[in-house]
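Examining the three-dimensional arrangement
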Amino acid sequence: MDISQRIAEITGRIKQSAQASGRPENAVSLVAVSKVQPEERIQAALDAGQRVFGENRVQEAQNRWAARRANYRDLCLHLIGPLQTNKAEDAVDLFDVIETVDRPKLVQALAALARAGHKLPRLLVQVNTGEEPQKSGVIPGDLPALLDLCTREGLTIEGLMCIPPENEEPALHFALLAKLAKRHRLGVLSMGMSGDFETAVRLGATHVRVGSALFGDRVAPP
Ligand SMILES: *Cc1c(COP(=O)(O)O)cnc(C)c1O
């Protein structure tokens, strides 16, 4: 299968899962995770009409996308990897959505950029639903305080994102994320990857982040 066929196939599965759970078939947006993928695969996705892409590193995303923006004005770039405060300004200026707001220091850095005149991207908070020590994201117990801080700093948070632990049933984590979003009246839910996006859609995902199922296995950059 080529990439345009894979996009069609995955989009079809997303629509079916949405309909099967009583949601509108266009309720879910496919974020094509293009990190570490060779250039020709990205171009094939663009040629097939895909416009929403996810990257996990600011520098790599700048190299790949900054110049392309002029040709693809309807691009929508999501940052899905951890953000260091010293990269916050570059991230704010490149991305349309930052999915990985996860700590007070980053909230304050983003608020300072807004005060300095930068237009902020749409923002999601990453939740470490499995409370894994090595993983970024705010733990569920600290989410209310982080959201309060965002409010005080004038940041609008639109939703939540999670990456479930590798060896656990992802549905439990998706359900937890959905419950937290509902409790805080947040409408956007970024959850589900290549292996589990249909489950995520059934549990309310508005964005699924799909990499290898769409582009093939990631290959090391030359
Ligand atoms: C790499 C990555 C994905 C995509 O993973 P696949 O299993 O290749 O679909 C999704 N979300 C995040 C945060 C990632 O880093």
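This section reports on the structure supplied with the text. (Residues numbered from 1 in each chain as written. Predicted model: local features only at pLDDT ≥ 70, side-chain atom pairs only at ≥ 80, totals over all residues. Heavy atoms only, no water.)

Quick word on the pairing of strand β8 (residues 207-210)
Here β8 shows no split at all, with His 207 and Arg 209 on one side and Val 208 and Val 210 on the other all buried. Across 4 bridges, the pairing between strand β1 (residues 29-33) and β8 is parallel. Paired with Leu 30 across the two strands is Val 208, which belongs to β8. (Buried < 20%, exposed > 50% of the residue type's maximum accessible area, 1.4 Å probe, protein only. Helix = DSSP H or I, 4+ residues; strand = E, 2+ residues; numbered from the N terminus. Pairing = 2+ DSSP bridges.)

Some thoughts on the environment of Thr 206
Structurally, Thr 206 can be placed in the loop between α8 (197-202) and β8. By relative accessible area, which is 15% here, Thr 206 ends up buried. Sequence separation between Thr 206 and Leu 106 is 100 residues; the distance between their C-alpha atoms is 24 Å. If sequence neighbours within four positions are ignored, Thr 206 has contacts with Arg 23, Ala 27, Val 28, Ser 29, Gly 187, Val 188 and Leu 189. (Contact = heavy atoms within 4.5 Å.)

Considering the packing of aromatic side chains
Throughout the structure, instances matching the rule amount to 1 aromatic pair. Ring plane angle 40 degrees and centroid distance 4.6 Å describe the contact between Phe 53 and Trp 65, whose orientation is recorded as tilted. Taken together, the positions of Phe 53 in strand β2 (residues 52-55) and Trp 65 in helix α3 (residues 58-65) put the pair 12 residues apart, joining distant regions of the chain. This pair shows no difference in class: Phe 53 is buried, exactly as Trp 65 is. In this arrangement the basic side chain of Arg 68 is found over the ring face of Trp 65, its NZ or CZ atom lying 5.5 Å from the centre. (Phe/Tyr/Trp six-rings, centres within 6.5 Å; stacked < 30°, edge-to-face > 60°. Lys NZ or Arg CZ within 6 Å of the ring centre and 35° of its normal.)

Points about the environment of Ala 88
Within the secondary structure, Ala 88 is located in helix α4 (residues 88-94). Taking relative accessible area as the criterion, Ala 88 reaches 1% and is therefore assigned buried. On a C-alpha basis, the gap between Ala 88 and Glu 9 in space is 35 Å, while along the polypeptide they are 79 residues apart. Apart from the residues within four sequence positions on either side, Ala 88 is in contact with Leu 83, Leu 106, Ala 109 and Leu 113.

Regarding the pairing of strand β3 (residues 76-79)
Where β2 meets β3, 4 bridges bridge the pair, whose relative direction is parallel. Bridge pairing links Gly 54 to His 78 in β3. For the crossover from β2 across α3 to β3, the handedness is right-handed. Sheet topology note: the β3/strand β4 (residues 97-101) ladder contains 2 bridges and is parallel. Paired with Leu 79 across the two strands is Ile 98, which belongs to β4. (Right-handed = clockwise from strand over helix to strand, strands pointing away.)

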